[in-house]
Amino acid sequence: MFARYAFAPNQLGYCGPADAGALLEGRTGTRFRALAKQFEGAWPQLRVIAAATGTADPLDREVVEAYWVGNRLLDRAGGADPGLPHHSFQVFCHYPWAGLLHDERRTEHALQVLDQCRIRWGRVISVADGKVVVESRPLVWDGVRLALGLPGRDTATLGLGNVELIEPLRAGDWVSLHWGWVCDRLTPPQLVALRHYSAYHLTLVNQRLGGRTGMSGPRIP
Amino acid sequence: MCLGIPGRVVDCPDGAALGRVEVAGVVRDINVTLLDGPFVPGEYVLIHSGFALERISPERAADALAFFGADL
């Protein structure tokens, strides 16, 4: 599961070890653990969740799910900071991009990075030739606050060459997305959790930016 | 996900949107449009998600790279 979510930014050279292919070669064992530790943003958060919940292994599936998607473990892993060790907290509140939104020269790029770097959710419209058309709600910025905009269609990449990271998708499935890649098929509880924790941290970053809440507007039916 | 990491400018033609920057031993194309050029080969920039966000001194780059376990 860690590889499915970490692969896209790793392949783009944004984080983790230099050899992106290595991440897919063996997704368990000592070597994989050594690779995962090189994700200098994610690994400490996995450790926080594991320690707070009494889980021995930071790469335990439920711990990894808590960080990327969200689940019940997060509610036991909070500290003094209102933010939780969820990927959306890092993207919205730790990274420099939200702070650049007020800079007109940087607004467009900052919004693009925030939207691609967060774990998005979308509904599959069609699948063909390793590409998936999804309907999802992009981040929008009105000069005061971040919010989710109207649903639109995007094309995302599925798998890498002969490596299929998830089982075949069908129209109507819900999936998670990271930097233009499909990470996983989302179960209904995972979809609820990803929406919930993303909304929580969107609200938090808007408070810090001086705005208000950020999840108003229509849901994808 | 990822923290910002220092990179050393290898080559960046004046006015170009992308510069070639060495990041942790790998030369990558980095978007430099968020900073004012020109960029001099050898200078350091702080990179996040494929963008150069800030010019930094060699000393600060060395400190940051030490954090990541790399050398200048």
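All figures in this text were calculated on a predicted structure; none of them were measured in a lab.

Draft legend 1. Molecular detail of the packing of aromatic side chains. Residue and element names in this part refer to chain A. With the rule as written, the count across this model stands at eight aromatic pairs over all chains. Here Y14 and W179 contribute two aromatic rings whose centre-to-centre distance is 4.8 Å and whose plane-to-plane angle is 70°, an arrangement assigned as edge-to-face. Taken together, the residues Y14 in the loop between helix 1 (2-11) and helix 2 (22-25) and W179 in the loop between strand 6 (174-178) and strand 7 (181-185) connect sequence positions 165 residues apart. Exposure class is identical for Y14 and W179. Each is buried. One residue, R118, lies across the ring of W121, its end atom 5.6 Å from the ring centre. One residue, R195, lies across the ring of W174, its end atom 5.2 Å from the ring centre.

Draft legend 2. Main features of the nonpolar core. Residues F2, W68, W97, L101, L114 and L146 of chain A are the most contacted members of the largest nonpolar core, which totals 69 residues. Element by element, the count of residues in this core is highest for helix 8 (residues 188-209) of chain A, at eight residues. Every residue in contact with W68 of chain A, bar those within four places of it in the chain, is listed here: F2, Y5, A6, A42, H86, H87, I119, H178 and L194 of chain A. Formed by 13 residues, the second largest nonpolar core is a distinct cluster that contains I30, V32, L35 and F39 of chain B.

Draft legend 3. Looking closely at the side chain of S176 of chain A. Within the fold, S176 of chain A resides in strand 6. With residues near it in sequence (within four places) discarded, S176 of chain A still touches Y5, I119, R120, W181, V182, C183, D184 and L186 of chain A.

Draft legend 4. Expanded view of unusual backbone geometry. With an omega of 0°, the peptide bond between G37 of chain B and P38 of chain B qualifies as cis. Along the chain, P38 of chain B falls in the loop between strand 3 (26-31) and strand 4 (44-48). In this structure, D129 of chain A takes a positive phi of about 55° despite not being glycine.

Draft legend 5. Structural view of the interface of chain B and chain A. Each partner contributes residues to the interface: chain B has 16 residues there, and chain A has 23 residues. Between chain B and chain A, the buried area comes to about 1,700 Å², and carbon and sulfur atoms account for 61% of it. Taken together, the links from chain B to chain A amount to one salt bridge. With a shortest N-O distance of 2.9 Å, D36 of chain B and R105 of chain A are connected by a salt bridge. On the surface where chain B and chain A come into contact, there are five residue pairs in polar contact (both at pLDDT 80 or more). Top element by residues in the side of chain B that touches chain A is strand 3 of chain B. It accounts for three residues. A class-by-class count of the residues in the side of chain B that touches chain A yields nine nonpolar, five polar and two charged.

Draft legend 6. Local environment of the side chain of D184 of chain A. Residue and element names in this part refer to chain A. Mapped onto the elements, D184 comes out in strand 7. Side chain to side chain, D184 and R4 meet in a polar contact 3.2 Å long. Beyond its immediate stretch of four places on either side in the chain, D184 contacts M1, R4, Y5, R61, I166, W174, V175 and S176.

Rules of the game
Sequence positions are assigned chain by chain, starting from 1 and proceeding in written order. Each chain takes a letter, starting from A, and each ligand takes a number, starting from 1, following the order in which they are written. The predicted nature of this model means local features are confined to residues of pLDDT at least 70 and side-chain atom pairs, given and counted, to a pLDDT of 80 or more, with totals for whole chains, interfaces and linings taken over all residues. Each side-chain value is worked out from all heavy atoms of the structure, with water and hydrogens disregarded. Aromatic rings from Phe, Tyr and Trp, with only the six-membered ring used for Trp, were paired whenever their centres fell within 6.5 Å, and each pair was classed as stacked if the ring planes differed by under 30 degrees, edge-to-face if by over 60, and tilted otherwise. Secondary structure elements follow DSSP: runs of H or I of four or more residues count as helices, runs of E of two or more count as strands, with numbering from the N terminus. Only protein chains enter the area calculation, which uses a 1.4 Å probe; residues under 20% of their type maximum are buried, those over 50% are exposed, and those in between are partly exposed. A positively charged side chain is recorded as over a ring if its NZ (Lys) or CZ (Arg) lies within 6 Å of the ring centre. The angle to the ring normal must also be within 35 degrees. By nonpolar core is meant a set of buried Ala, Val, Leu, Ile, Met, Phe, Trp, Tyr and Cys residues that side-chain atoms within 4.5 Å join together. We call two residues in contact whenever any of their non-hydrogen atoms come within 4.5 Å of each other. Here the quantity called buried area is the accessible surface, traced with a 1.4 Å probe, that two parts lose on coming together, added over both. Salt-bridge detection follows one rule: a side-chain nitrogen of Lys or Arg within 4 Å of a carboxyl oxygen of Asp or Glu. Between N or O atoms, a polar contact is any pair within 3.5 Å; within protein, one atom must be a potential hydrogen donor and the other a potential acceptor, and residues adjacent in sequence are included only when both atoms are from side chains. In this count, Pro and Cys sit with the nonpolar residues alongside Ala, Val, Leu, Ile, Met, Phe, Trp and Tyr, while Asp, Glu, Lys and Arg are called charged and the others, Gly among them, polar.

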